[in-house]
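Listed here are the chains, written in short residue letters.
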Amino acid sequence: MEHVAADDRLDTGGRVLSRLGPRCLAVAAGLVLDRLVGEPPAAVHPVAAFGRTMERIEQRLWADRRSNGAIYAATGVALGAAAGAAAGSTAVAVWSVTAGRELRRVASQVGELIAAGDLATARAELPALVGRDPSGLDASQIAAAVIESVAENSVDAVIAPAFWAVVAGAPGAAAYRAINTMDAMVGRRNERYANFGWAAARLDDAANYVPARIFAGLLAVLHLQRAGKLLATVRRDAPAHPSPNAGVAEAAMGAALSRQLGGTLRYGTVEENRPVLGDGPRPDPPDVPAAVRLADRVECLGIALLCLVGLSSIVSERRRRTA
């Protein structure tokens, strides 16, 4: 009986490997496609279409109750997973829900404006990256906002959809993007969404928990000589952040750049005192392109690891079948 059970476990493991290899390669292909051509056009972008659909669903379901918000969130996840399944290709699904190229483009553009001393235009462009009030920010504060956005959104727009695509293929990638989009729409902490947006916000926290830590781990790999200090900084600073995931990504980026992020933020008329993340001086304009390069290298490392795992799994599966 023990021999039979062991054989069953090996057979199950073989089936998992047979799916994992091609899926990892498909995820890598989707990320490469985003790097080469960017996001789909806005007129046909599936995330934009999903957002419009969820606006209509919110109009029908909204009530100041968590139960209604839970129904809204469950509906959105189901729609996202169904759309991913309909796509029929993990690579296409990953390409359509990732936005690493666009994130880095916009961040670089704002960084160039700061470096040129055009703070008025930089402030006008900043809302494309962050939700805080840009009106009173100086060059260092704008740079910090951009760097924090690059860190957090590298998780949201690259690492997390890739992770969930590895776990569950095209439906996993699309369901994740549905969760992240719903959090952006209704997960805000204001009077209207305090209860209705609770489920979407908690789903987003759960969906990003592992990807945020993968991002920090990849940064540590890129800084092997300082990996221990980087991870120690994350353990020290991230728990004080109001988000269980954004704090991890931002603390890791701050440590990688040897810059101090966080601090007091303003969202409209609301002032929020965020914890300090990382050590060193406050960011300067040149730190923005440095952060963009780091985010780019993290994605490249992720693609390389996906290819390595994918090819290794395929080779192992072929050997298993011929043994």
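Our structure's up above, just so we're on the same page.
So, here is what we can say about the structure in this document. (Residues numbered from 1 in each chain as written. Predicted model: local features only at pLDDT ≥ 70, side-chain atom pairs only at ≥ 80, totals over all residues. Heavy atoms only, no water.)

A few words now on the overall build of the protein chain. Counting secondary structure elements, the protein chain contains 11 helices and 2 strands. In the protein chain, the succession of helices and strands from N to C terminus is α-α-α-α-α-α-α-α-α-α-β-β-α. What you see for the protein chain is a C-alpha radius of gyration of 21 Å, in line with the 20 Å of a compact globule of 323 residues. Overall size of the protein chain, expressed as C-alpha extent along the three principal axes, is 70 × 55 × 40 Å. Within the protein chain, contacts between residues separated by at least 24 positions form 71% of all contacts whose residues are at least 6 apart in sequence. Of the roughly 15,400 Å² of accessible surface on the protein chain, a fraction of 59% belongs to carbon and sulfur atoms. Averaged over its 35 positive side-chain charges, the protein chain has a centre that lies 4 Å from the centre of its 32 negative ones. (Helix = DSSP H or I, 4+ residues; strand = E, 2+ residues; numbered from the N terminus. Rg over C-alpha atoms; globule rule 2.2 N^0.38 Å. Contact = heavy atoms within 4.5 Å. Areas by Shrake-Rupley, 256 points an atom, 1.4 Å probe, with all protein chains shown as cover. Lys, Arg positive; Asp, Glu negative; His and termini not counted. Charge placed at Lys NZ, Arg CZ, Asp CG, Glu CD.)

Next up on the list: the packing of helix α9 (residues 227-237) against helix α10 (residues 246-257). Close contact between α9 and α10 brings their axes to 8 Å; oriented N to C, the two are set at 140 degrees. In terms of their interaxial angle, α9 and α10 are classed as oblique. Taken as a pair, α9 and α10 cross one another with a handedness that is right-handed. When α9 is examined against α10, the residues Leu230, Thr233, Val234 and Asp237 are found in contact with a partner set consisting of Val248, Ala251, Ala252, Ala255 and Ala256. The residue makeup of the contact of α9 with α10, split by class, is 7 nonpolar, 1 polar and 1 charged. (Axes fitted to C-alpha atoms, helices over the stretch in contact; angles between N-to-C directions. Parallel < 35°, antiparallel > 145°, perpendicular 65-115°, else oblique. Left-handed = near helix turned anticlockwise from the far one by under 90°. Nonpolar A, V, L, I, M, F, W, Y, C, P; charged D, E, K, R; others polar.)

It is worth spelling out α10 at this point. Taking 1.5 Å of rise per residue, 12 residues should cover 16 Å, and α10 covers 16 Å from first to last C-alpha, within 8% of that figure. Burial analysis of α10 places 12 of its 12 residues in the buried class, which makes it a mostly covered element. For α10, every residue scored as buried is listed here: Ala246, Gly247, Val248, Ala249, Glu250, Ala251, Ala252, Met253, Gly254, Ala255, Ala256 and Leu257. (Expected span 1.5 Å × (residues − 1). Buried < 20%, exposed > 50% of the residue type's maximum accessible area, 1.4 Å probe, protein only.)

Below, the discussion takes up the nonpolar core. By size, the foremost hydrophobic cluster in this structure holds 64 residues, and its most contacted members are Leu129, Ile142, Val146, Phe215, Leu219, Leu230 and Met253. With 16 residues, helix α7 (residues 139-186) is the single largest residue contributor to this core. Setting aside residues no more than four positions away along its own chain, Leu129 makes contact with Leu103, Val106, Ala107, Val110, Val146, Ser149 and Asn153. (Core = buried A, V, L, I, M, F, W, Y, C linked by side-chain atoms within 4.5 Å.)

As a further point, take helix α3 (residues 66-87). With 22 residues, α3 should reach 32 Å at 1.5 Å per residue; the first-to-last C-alpha distance of 31 Å fits that figure. Along α3, the residues classified as buried are Asn68, Gly69, Tyr72, Ala73, Gly76, Gly80 and Gly84. Across the axial projection of α3, the buried residues extend over an arc of 145 degrees, all falling on one side. For α3, the exposed residues set more than 90 degrees away from the buried face come down to Ala85 and Ala86. (Arc of directions from axis to C-beta.)

Applying the stated criterion across every chain yields a total of 2 aromatic pairs. Where Tyr72 meets Phe196, the ring centres are 5.1 Å apart and the plane angle is 55 degrees; that geometry is what we call tilted. Taken together, the positions of Tyr72 in helix α3 and Phe196 in the loop between α7 and α8 (198-222) put the pair 124 residues apart, joining distant regions of the chain. Both residues of the pair, Tyr72 and Phe196, count as buried. (Phe/Tyr/Trp six-rings, centres within 6.5 Å; stacked < 30°, edge-to-face > 60°.)

Once that is clear, we can look at the pattern of salt bridges. Taken as a whole and judged by the stated rule, the model has 12 salt bridges. Where Arg35 meets Glu299, a salt bridge forms, and the shortest distance between an N and an O atom there is 3.3 Å. Of this pair, Arg35 sits in helix α1 (residues 2-37) while Glu299 sits in helix α11 (residues 287-322), and the two are 264 residues apart along the sequence. Residue class for Arg35 comes out partly exposed when judged on its relative accessible area of 24%. Residue Arg192 pairs with Glu58 through a salt bridge whose shortest N-O separation is 3.0 Å. Of this pair, Arg192 sits in the loop between α7 and α8 while Glu58 sits in helix α2 (residues 46-61), placing them 134 residues apart in sequence. With relative accessibility at 38%, the residue Arg192 sits in the partly exposed group. For Glu58, a relative accessible area of 8% translates into the label buried. Residues participating in the shared-partner salt-bridge network are Arg35, Arg104, Asp296 and Glu299. (Salt bridge = Lys/Arg side-chain N within 4 Å of Asp/Glu carboxyl O.)

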